[in-house]
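Architecture at a glance
Here are the chains, one letter per residue:
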Amino acid sequence: MTRALIVHRASPGLTLQDAGRPGYLGFGLSRGGAADRLALTEGAALLGQADTHATLEMVGTGGEFETTGDMRVALTGAPMRATIDGARVTWNASHLLPAGVRLSIGAAQSGNYGYLHVGGGINTPDVLGARSAHLAAGIGAPLQSGVRLPVGDDPIAKNFGFLLDADPRFDGGTVRVVPGPQTDLFDAAEVSRFATIAFRRDTRGNRMGVRMICDDPGFFSEAGLSVLSEIIVPGDIQITGDGTPFVLLGECQTTGGYPRIGSVLPCDLPRIAQARPGTGLRFRMVTLAEAVEAERREATRRKTLRNHLRPLIRDPHDIHDLLSYQLISGVTAGDDPESEGT
Amino acid sequence: MAAFSDWPRICPLGVDGFLISFDNRLSESANRAALAFRDALDRAGWPGVEETSTSLASAYLRFDPQAQNHAALQAKLESLLSSRDWYAENLPGGRRLWHIPTVYGTDLAPQLEEAAIAAGLTVDQAVTSISQTRVRVQTIGFAPGQPYLGQLPPCWDIPRQTKLTDKVPAGALVVAIRQLVLFSVTTPTGWRHIGQTAFRLFRPEADMPFALRPGDEVLFTPTTPERLAMMKAGDPDGGATSGPLS
């Protein structure tokens, strides 16, 4: 029998996401995938599985979920208020969701995008090599209440109850920018002003990109608006017609005619995606060599995230609640990794 | 080659890409150079290269900087670039000529008259001019399967609108700056909506999800709203036909 995750209540913008569809840029299809790629990797580390599995991306708030069989789940990204059978559960951690029990995920306390991962991954048919919705391209659609999602086999079903310290990225901060082919269209003084002043994330923004505003005058290049349409990559910072920067995210268009002042490092993009409207952000220019080194270090860190898992420590109140539904689902205390680890 | 003394240029794009630009404005030869250079990149199959693409006048390459460093890859690109005159290269092989039935004007494409005035033509002259110009797919981009086509006669060097039209539907034919774009998804645009087709450019469920390729040529043949509605029913090609282009 195929295991399933039932979505009893879907919040607006709930979609299936994974690492996206690289390789179709020449056909006009951007990679897409999870807005916060680090959250995918954190979820995979918590569940001890590959980071290629499809997961649920929740925007601002989550929804209500149930499974047809005991299932491991992990919660990452923007921290949201979550309960299993009414008992509060820890964010950025893995848990057991017993069959027939409700997982409720409420509003985010900070950040935008939260993720619900399941052991074995969501196993819907793939389209062009991925399961993620690409809303701008019309691939997939937001999930509706009542949908049942098939879930893949989980060979390590008893491995849960871990915590990972989330890399802080939900409250803005400084992101690093590498120059690109059109940086020289801007005066050096304009580039340096761009890298000095404080910006705020505008209310306008989605999975395609986010607009930045500031109290300073806008930015203008000598090329004005007569730039030939050129290849765009996620992270590129377009300076639009009114002089405001627009940072492109994974679901962006593949070409664009606005001049670009530089490109945000991929490892810093989650900070942009997770910034709420009004959140303060700054840009810092780095050299290409510095950017490559930063990416290398972050790639290494992400590969070894599993080494930083800690057993979840529960307070007595939580243990009481947890025991009550472990009995209902028939899982014995001997399966609890927390007792194995100590 | 004197006209291209500043070109081509190689520049890093992002942390993991190179852009090879053949001009800073659109020309037929720069477009051919970009397509031919990307083709050569694909054939070269260098280790660490993950993806290639083109825009109107440039080629792009994405790679894994942990597997192949920037300096080594840039040297390879320079060597390939200087190996021949890319501006004199042929168009890609396997090109096709498409006939795509198009309703000009009517309430399906409400900006035909406005565009004709901007081009200094009557509506009839505008339809004749567009429908009898064989335009070439210069690049696929912005949205999945979406072609930029050119080049139209000089009278069509009309600017984009200063204000965006909120929404034009998929299959819309729009015009500006001597180019046509056929939209693959419903989208806001600053280009003027002069024709409507029932041609599906992106078919995620199909074996061949992207209908057009760079180098293909297209004639947008006039039809009526009634005939377009009939052709639309059950046919992703919306009545379009294609044949090999020699």
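Another point: the pairing of strand β18 (residues 245–248) of chain A. Residues and elements named next belong to chain A. Where burial is concerned, the two faces of β18 agree: the one with P245 and V247 and the one with F246 and L248 are both buried. As paired elements, strand β15 (residues 209–213) and β18 share three bridges and run antiparallel to each other. Within β18, the position partnered with V210 by the bridge is V247. Sheet topology places strand β17 (residues 236–239) next to β18; three bridges connect them, and they run antiparallel. Residue pairing for β18: Q238 is matched across the bridge by F246. If you look at the hairpin formed by β17 and β18, you'll find five residues sitting between the two strands, and G243 has a positive phi there, around 85 degrees.

Our next topic: the domain arrangement of chain A. Residue and element names in this part refer to chain A. Here the domain parsing of chain A yields domain 1 (3–167 + 312–341) and domain 2 (173–302). Put simply, the middle of domain 1 and the middle of domain 2, counted by C-alpha atoms, are 30 Å apart. Counting residues at the interface gives 19 residues for domain 1, matched by 13 residues for domain 2.

The next point concerns the domain arrangement of chain B. Residue and element names in this part refer to chain B. For chain B, the assigned domains read domain 1 (2–88) and domain 2 (96–244). Here domain 1 and domain 2 have C-alpha centroids that lie 29 Å from each other. With five residues of domain 1 at the contact, the number on the domain 2 side is six residues. Classifying every residue of the side of domain 1 that touches domain 2 by side-chain character gives two nonpolar, three polar and no charged.

If you walk around this closed barrel you meet the seven strands as β13-β20-β17-β18-β15-β14-β21 (chain A), and the pairing is mixed. Here the strands of the sheet are splayed against their neighbours by 40 degrees on average, with no regard to which way each runs.

Residues and elements named next belong to chain B. The strand order across the open sheet formed by nine strands is β6-β13-β10-β11-β8-β7-β14-β5-β15, and the pairing between neighbours is mixed. Two strands lie at the open edges of the sheet, namely β6 (103–104) and β15 (241–244), each paired on one side alone. Pairing geometry for strand β8 (residues 147–150) and strand β11 (residues 179–182), over two bridges, is antiparallel. Among the inter-strand pairings, Y148 is bridged to a residue of β11, identified as V181.

Residue and element names in this part refer to chain B. Mapping W7 onto the fold places it in the segment before β1 (9–12). Considering only alpha carbons, one finds W7 and I20, 13 residues apart in sequence, at a separation of 9.2 Å. Aside from chain neighbours lying at most four places away, what touches W7 is S21, F22 and D23.

Take the pairing of β15 of chain A next. Residue and element names in this part refer to chain A. Of the strand pairs in this sheet, strand β14 (residues 199–206) and β15 are connected by four bridges, and their pairing is antiparallel. The residue of β15 that forms the bridge with N206 is G209. Here β14 hands over to β15 after two residues, the two strands then running antiparallel side by side.

Right, let's talk about the nonpolar core for a bit. I272 of chain A together with V174, L180 and I194 of chain B are the most contacted members of the largest nonpolar core, which totals 158 residues. With near-sequence residues (within four places) excluded, I194 of chain B lies in contact with Y104, A109, Q111, L112, A115, I130, L173, V174 and V175 of chain B.

Many descriptions give the size of an interface as the accessible area lost when the pieces come together. Listed per partner, the contact involves 36 residues of chain B and 33 residues of chain A. At the level of secondary structure, the elements contributing two or more residues to the side of chain B that touches chain A comprise β1, β2 (17–21), β3 (49–54) and β4 (58–63) of chain B. If you tally residues by element for the side of chain B that touches chain A, the top one is β3 of chain B, at five residues. Partitioning the side of chain B that touches chain A into residue classes produces 19 nonpolar, 14 polar and three charged.

Analysis parameters
Residues numbered from 1 in each chain as written. Chains lettered and ligands numbered in written order. Predicted model: local features only at pLDDT ≥ 70, side-chain atom pairs only at ≥ 80, totals over all residues. Buried ≥ 20, exposed ≤ 12 C-beta atoms within 10 Å, placed from the backbone. Helix = DSSP H or I, 4+ residues; strand = E, 2+ residues; numbered from the N terminus. Pairing = 2+ DSSP bridges. Domains from an automatic or database assignment. Contact = placed C-beta atoms within 7 Å. Nonpolar A, V, L, I, M, F, W, Y, C, P; charged D, E, K, R; others polar. Axes fitted to C-alpha atoms, helices over the stretch in contact; angles between N-to-C directions. Core = buried A, V, L, I, M, F, W, Y, C linked by C-beta atoms within 7 Å.

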